[in-house]
Amino acid sequence: MAAEPTTRSRASAPLGGALRAESSEGVLRVIFSGEWKRELLGPDFFQERDEALREAERLLKEARSVELLGEDLGEWDSGVLVVTTRLVTLAGERNIPLDDARLPEGIRNLTKLALAVPPNTAAQRKAQKTSFLERVGGFALAVPNMARDIFDFIGELVLSAGRLFRGRSSCTSANVWLAVQESGVEALPIVSLISLLVGLILAFVGVIQLKMFGAEIYVSSLVAVSMTRIMGAIMTGIIIAGRTGASYAAVIGTMQVNEEIDALTTLGVAPSDYLIMPRILALTAMTPLLVLYSDFMGIMGGFIVGAGILGLDPMEYYTFTQKGFNINNLWVGMTHGAVYGMLIAITGCYQGLRCGRNAEAVGKATTSAVVYSIVGIVLSTAVLTILFNILNI
């Protein structure tokens, strides 16, 4: 009597679809049966399908040929392709003949279509480890291009300013007033809150030392001088950098992604005139006014601490505030504000205009606008402080 053929199999439950792998005399048969539509599948289908697929992969190592059978296959959807493409790929890698003639024609065609287009490996991110020297060298090589790009942008702004003074610019009063509203009036709530809290903090910190000498009343002068000369300007600049500078970069960067800036250029409208100049004019004009308002709110914060918590006489506090107030300090703070506003607007617009063409680039441009604006605020503060000290202002 002839020996029975050796058969090894693993079957899934009869609920919904089923997958079975059999090996006989070197031929691997993978049998599809039942309903393979998602809404008809059993609760354990995917686990059992994966087990059967792993069994088929194991048997494939010893097989000389592969047959895919689907005579008992009912309704199906694209989930069948997970198994067929995997088996066809493995058989091709091992140069094992595969016969899928007994599968439905639709499955055969879709499997061929799925395997016809190779995976886009170029789009996949590859983790690359670069040494410290390579990073330093890459930055050094990028510096000339960055400098050239910055000077080109500054040149565009100079030409745009020239067209504005000659009355040939696309910068309209409507755009300027809209930018004024966005950067000025709408920023008042956050400036009010932060400046009031800064005034409170300055008063609390100052009174700790002044109390040792019984000179608590001079906390009013301390708050007035520090807010009007530098603190009001710096806090306003940081707020504007995080709020308005980031907004400029995000808006213009999104326009770059949507090719709206290209459309303006095609229509003969210079982006530096229509988008950038109104924002620079508005922010340069509004930041000193916001600094003035910040000074007032900071002094009010100090007054709340002095008169409301320390129990100082309100009129006496007001009198010593007047004595500590100096108009030169006020002008110094507002000058700082004008410089900060110009730097923030230029930085935000530059990052947005030089943004890439995807959402990630917009995020990076927004982050860079805030970081570089704050760095510019710190550097300009150092330069202006030295300059005002030399001029004895």
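Residues numbered from 1 in each chain as written. Predicted model: local features only at pLDDT ≥ 70, side-chain atom pairs only at ≥ 80, totals over all residues. Heavy atoms only, no water.

### Structural notes on helix α2 (residues 80-93)
In this model α2 runs 20 Å from its N-terminal to its C-terminal C-alpha over 14 residues, within 8% of the 20 Å that 1.5 Å per residue would give. All of the buried residues in α2 are Val-80, Leu-81, Val-83, Thr-84, Thr-85, Leu-87, Leu-90 and Ala-91. In the core, the buried residues of α2 are packed alongside β2 (17-24), β3 (27-36), α1 (45-60), β4 (65-76), β5 (98-102) and α3 (105-116). (Helix = DSSP H or I, 4+ residues; strand = E, 2+ residues; numbered from the N terminus. Expected span 1.5 Å × (residues − 1). Buried < 20%, exposed > 50% of the residue type's maximum accessible area, 1.4 Å probe, protein only. Contact = heavy atoms within 4.5 Å.)

### Re the pairing of β3
On any regular strand, side chains alternate: one points to one face of the sheet, the next to the other face. Extensive coverage of β3 is indicated by the burial of seven of its 10 residues. With eight bridges connecting them, β2 and β3 associate as antiparallel partners. Among the inter-strand pairings, Arg-20 is bridged to a residue of β3, identified as Ile-31. Following β2, the chain reverses through two residues before pairing antiparallel with β3; Glu-25 in that reversal takes a positive phi of roughly 55°. Inspection of the sheet shows β3 paired to β4 by eight bridges, in the parallel sense. Paired with Gly-34 across the two strands is Leu-73, which belongs to β4. What joins β3 to β4 is α1, and the crossover it makes is right-handed. (Pairing = 2+ DSSP bridges. Right-handed = clockwise from strand over helix to strand, strands pointing away.)

### A look at the state of the cysteines
One pass over the full model with this rule turns up zero disulfides. Cys-349 carries a free sulfur, and the closest cysteine sulfur to it, the one in Cys-171, is 11 Å from it. Not part of a disulfide, Cys-355 finds its nearest cysteine sulfur in Cys-349, a span of 13 Å. Note on Cys-355: relative accessible area 9%, which makes it buried. (Disulfide = S-S within 2.5 Å.)

### A look at the side chain of Ser-195
Locating Ser-195 in the fold gives a position in helix α6 (residues 188-210). With sequence-adjacent residues up to four places away left out, Ser-195 is seen in contact with Met-227, Ser-294, Met-297 and Gly-298.

### Digging into the confidence of the model for the protein
Looking at the protein as a whole, its pLDDT mean stands at 85, while 93% of the residues score no less than 70. Across residues 1-15 the pLDDT falls below 50, and counting only partners more than four positions away or on other chains, this stretch makes 31 contacts in the model. (pLDDT = per-residue confidence, 0-100.)

### Quick word on the packing of aromatic side chains
For the structure shown, the criterion picks out six aromatic pairs. Aromatic pair Phe-153 and Tyr-350: ring centres 5.2 Å apart, planes at 70°, arrangement edge-to-face. On the criterion of sequence distance, the pair formed by Phe-153 in helix α4 (residues 132-165) and Tyr-350 in helix α11 (residues 327-353) is long-range, its members being 197 residues apart. Judged by relative accessible area, which is 2%, Phe-153 ranks as buried. Ring geometry for Phe-303 against Tyr-317: centres 5.5 Å apart, planes inclined by 75°, an arrangement best described as edge-to-face. With Phe-303 in helix α9 (residues 271-309) and Tyr-317 in helix α10 (residues 314-324), this pair connects stretches of sequence that are 14 residues apart. Classification of Tyr-317 as buried rests on a relative accessible area of 2%. Linked through ring pairs, Phe-32, Trp-36, Phe-45 and Phe-46 together constitute an aromatic cluster. (Phe/Tyr/Trp six-rings, centres within 6.5 Å; stacked < 30°, edge-to-face > 60°.)

### Some details on the packing of α6 against helix α7 (residues 219-257)
To characterise two packed helices, one gives the angle between the axes of the helices and the distance between these axes. One can describe the packing of α6 onto α7 by two numbers: an axis separation of 9 Å at closest approach and a directional angle of 145°. With respect to the hand of their crossing, α6 and α7 are arranged in right-handed fashion. Here α6 contributes Ile-190, Val-191, Ile-194, Ser-195, Val-198, Gly-199, Leu-202, Ala-203, Gly-206, Val-207 and Leu-210 to the contact with α7, which in turn contributes Val-219, Leu-222, Val-223, Ser-226, Met-227, Met-231, Met-235, Thr-236, Ile-239 and Arg-243. (Axes fitted to C-alpha atoms, helices over the stretch in contact; angles between N-to-C directions. Left-handed = near helix turned anticlockwise from the far one by under 90°.)

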